[in-house]
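# Summary of the model geometry
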Amino acid sequence: MAHELPYIAAIEEAIREEMERDESVLYFGQNIATHENDPFLKQFGSDRVRVTPISETAEIGMAVGTAIAGYRPVVELYMAEFMLVAMDQVVNEANRFHYMSAGQVKVPLVLKAGYGFTAGWAGQHTGTIYGMFMGVPGLKVAVPATAADAKGLMTTAIRDDNPVAYFHHYLLTLEHGDAPDGEYAVPFGEAAVRREGTDVTIVAIGWCVDRALAAAEQLAAAGVSAEVIDPRTLAPLDTATILGSVAKTGRLVVVDQSTRHGSAAAVIAAEVASEGFDSLQAPVKLVTALDATIPYSKPMEDYLLPDEAKIVAAAQQALGSAPVTA
Amino acid sequence: MGDSAGTLDGDAGLGLLRAMWRIRVFEERVGALTRANEVHGLVHLSVGQEGVAAGVCGQLRPDDAVYSGHRAHGHALAKGAPPGPVLAELMGRDGGLCRGLGGSMHLVDREHGLLGATGVVGGNVPLALGSALARRLLGGDQVAVVFFGDGAVQGGIFVETVNLATLWRLPVILVCENNGFAEFTPRSAHTNVERVSDVVAPYGLERETVDGNDVVAVRDTFARFLAAARAGGGPALLECLTHRLRGHYEGDPQQYRDALAAEEWQELDPILRLQRRGAAEGWLDEDVPARLEGEARDEVEAAERFARESPFPPASVTSEFVYAE
């Protein structure tokens, strides 16, 4: 059985269910549990649910130490950019301890980070920065696009014995979707084929998945069959599903809200160029944001970001076909 | 500085002396092996600072958590890590504590409670909060101890940690080895605050600055903080004023400081100081120092044999530990 709920509620449902199931799951964060009616605080108490000062480095460092000691902390970071304040802990401590100790210690930690709040939040709260963490050894990266995955990937993140950066998109916060009742875990490293098609593969990440599905509708109206793939996790990355799709379609468009250079889109394109070159019948097209800071003004924000029309145009270029009229 | 007024019985004195000799002889051998290119990586020795490791770690149990930094050999040995696997790690062998994946700056010996050592100054400090919080949640009387140098204190991470430790009254003891130099720069070029214990004054935690070359002073002050933390008390800061006899790293030309005169060092050396004290107090026979040094030498010889007999790790180890399964 499934139930309909907003994306953000699906995340909270997973955290709550895991906290009910496993006493070692803790919840830290800024601005959580600040009043006695906070539902997490009421249910789990102030030992396990703790508000922290605006001290990201100590907050995440403490969580790393708590994880080494056998707990499973979930750290609420609100904005993904706040993680950058504590970069040493995220990409140079948490992720390396298991490796550098030859497996003597583990760091089961979830860093819950909201990203991409392109709603006039300007340059420092809107970044799509998951790509920065994709090549960090030992760190896993989850990017849910639906309410069901928001729940299932959070459950898996909490149960994973490694640090996981879990990126949820702020513009999806109140988007409703169906999520399975009760325990629900989505395995890491398994992409979801959101729409099957035969002419062009569109790999879309996070918030871009819905844009890609809308673009695929437009393309279908013009007689083009697009396959839409949502990787769901970037580390590990399910390259096999992407390569299998490209083997079928011969054409690839990658859609990513982040800046283009050093992006997850660029990594996926490189994997396909390296491992699937023989399948390609056209150059890989990337639909990303411009390599610029997100501007404040609404028209400029729209200009800079990927959208349905840009995805359709990229697919047409890959197919070498005439423009589709919307 | 004079020796602390604390009383010392002969057994305790010999225990501290033995612990310091073990570290001294081990690290001098590491220095020689580094110069011979048998230890091939970056190595930081704590020669001269042994009083802190011995005075602190000698009182801890294996279930007490210790975090250290880039200058960790002494802490590891004093916490109980076996010298063979420690030296094998430094020599990059499969029999090393971390199978050659960590090296000198990242010694971990979970069995003996050495949970982590970081090469980024200050990066280890908040990790100890996690162990302390875990103990708070579980009950029990374990403590968490983190070693760091005075160079870490000017980083925001230090104050963030002190703030959280005191706010939540966590059983963590912050041990600062203030050797007067942050890597290659004297403390005076980094801050106007001379004493680290003054930096933390507004937070209201127990704090004290001791002569870190007086192992008895280190031991006695730490014992007080430890007893309080075991009994459920909050955090404490122990600042140990000490001296790094060797460079920041092995091979450091040390252009930033004058060499210490030999007679000055005779005064400072924590081993010689404890031996003079033992002789004066009558618990140290004349032949004992040479015997302790000899025992330490035998131990390091055995450790070196162990390390040399251990093969280099197979290539498969390189990717085996990226993720915990």
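Scroll up to find the structure.
Every chain is numbered on its own, with residues counted from 1 as its sequence reads. Here the convention is simple: chains get letters from A, ligands get numbers from 1, in the order in which they are written. Local features in this predicted model are restricted to residues of pLDDT 70 or higher, and side-chain atom pairs are both shown and tallied only at a pLDDT of 80 or more, whereas totals for entire chains, interfaces and linings draw on every residue.

### Things to note about the overall build of chain B
Each helix is a run of DSSP H or I of at least 4 residues and each strand a run of E of at least 2, with the numbering of both proceeding from the N terminus. Counting its secondary structure elements, chain B contains twelve helices and eight strands. On C-alpha atoms alone, chain B measures out to a radius of gyration of 19 Å, which is about the 20 Å that the 2.2 N^0.38 rule sets for 325 residues. Whether a residue is buried, exposed or partly exposed follows from its count of other C-beta atoms within 10 Å of its own C-beta, namely 20 or more, 12 or fewer, or something in between, respectively; the C-beta atoms are built from the backbone. Considering chain B as a whole, with its 325 residues, one finds that 55% of them fall into the buried category. Considering only contacts in chain B between residues 6 or more positions apart, those separated by 24 or more positions represent 76%. For a compact globule the rule gives 2.2 Å times the number of residues to the power 0.38, and the radius of gyration it is set against comes from C-alpha atoms. Think of it this way: build a C-beta for each residue from its backbone, and any pair within 7 Å is a contact.

### Brief notes about helix 10 (residues 270-281) of chain B
Residue and element names in this part refer to chain B. The span one expects for a helix is its residue count, reduced by one, times 1.5 Å. Look at helix 10: 16 Å from first C-alpha to last across twelve residues, which is about the 16 Å you get at 1.5 Å a residue. Along helix 10, the positions that sit buried rather than exposed are Pro-270, Ile-271, Arg-273, Leu-274, Gln-275 and Gly-278. Buried residues along helix 10 sit in contact with helix 1 (10-35), helix 2 (50-57), helix 8 (215-230) and helix 11 (288-309). Immediately beyond the C-terminal end of helix 10, within one or two residues, lies Gly-282, with a positive phi of roughly 85 degrees.

### Here's the deal with helix 1 of chain B
With 26 residues, helix 1 of chain B extends 37 Å between its outermost C-alpha atoms, agreeing within 8% with the 38 Å of an ideal straight helix rising 1.5 Å per residue. Residue Asn37(B) follows helix 1 of chain B closely and has a positive phi angle near 65 degrees.

### Notes on the packing of helix 1 of chain B against helix 11 of chain B
Residue and element names in this part refer to chain B. Between helix 1 and helix 11, the least distance of the axes is 9 Å, while the angle of their chain directions is 45 degrees. In terms of orientation, helix 1 and helix 11 fall into the oblique class. For the pair helix 1 and helix 11, the sense of crossing is right-handed. The segment helix 1 lies against helix 11, with Leu-17, Arg-18, Trp-21, Arg-22, Val-25, Phe-26 and Arg-29 engaging Leu-292, Glu-293, Ala-296, Arg-297, Glu-299, Val-300 and Glu-304. The convention used is that axes are lines fitted to C-alpha atoms, helices contributing only their stretch in contact, and that angles between N-to-C directions extend from 0 to 180 degrees. What sets the label is the angle itself: under 35 degrees gives roughly parallel, over 145 gives roughly antiparallel, 65 to 115 gives roughly perpendicular, and the rest give oblique. Helix crossings are classified by the rotation of the near helix relative to the far one: an anticlockwise turn of less than a right angle makes the crossing left-handed, while a clockwise turn makes it right-handed.

### Description of the sheet that holds strand 2 (residues 114-117) of chain B
All names here are of chain B. Strand pairing is assigned whenever DSSP identifies at least 2 bridges connecting the two strands. Strand order in the open sheet formed by six strands is 2-1-3-4-8-7, and the pairing between neighbours is parallel. The outermost strands of the open sheet, each flanked by one partner alone, are strand 2 and strand 7 (206-211). Direction aside, neighbouring strands of the sheet carry axes that sit 15 degrees apart on average. Examined bridge by bridge, strand 3 (residues 144-149) and strand 4 (residues 172-178) share six bridges and lie parallel to one another.

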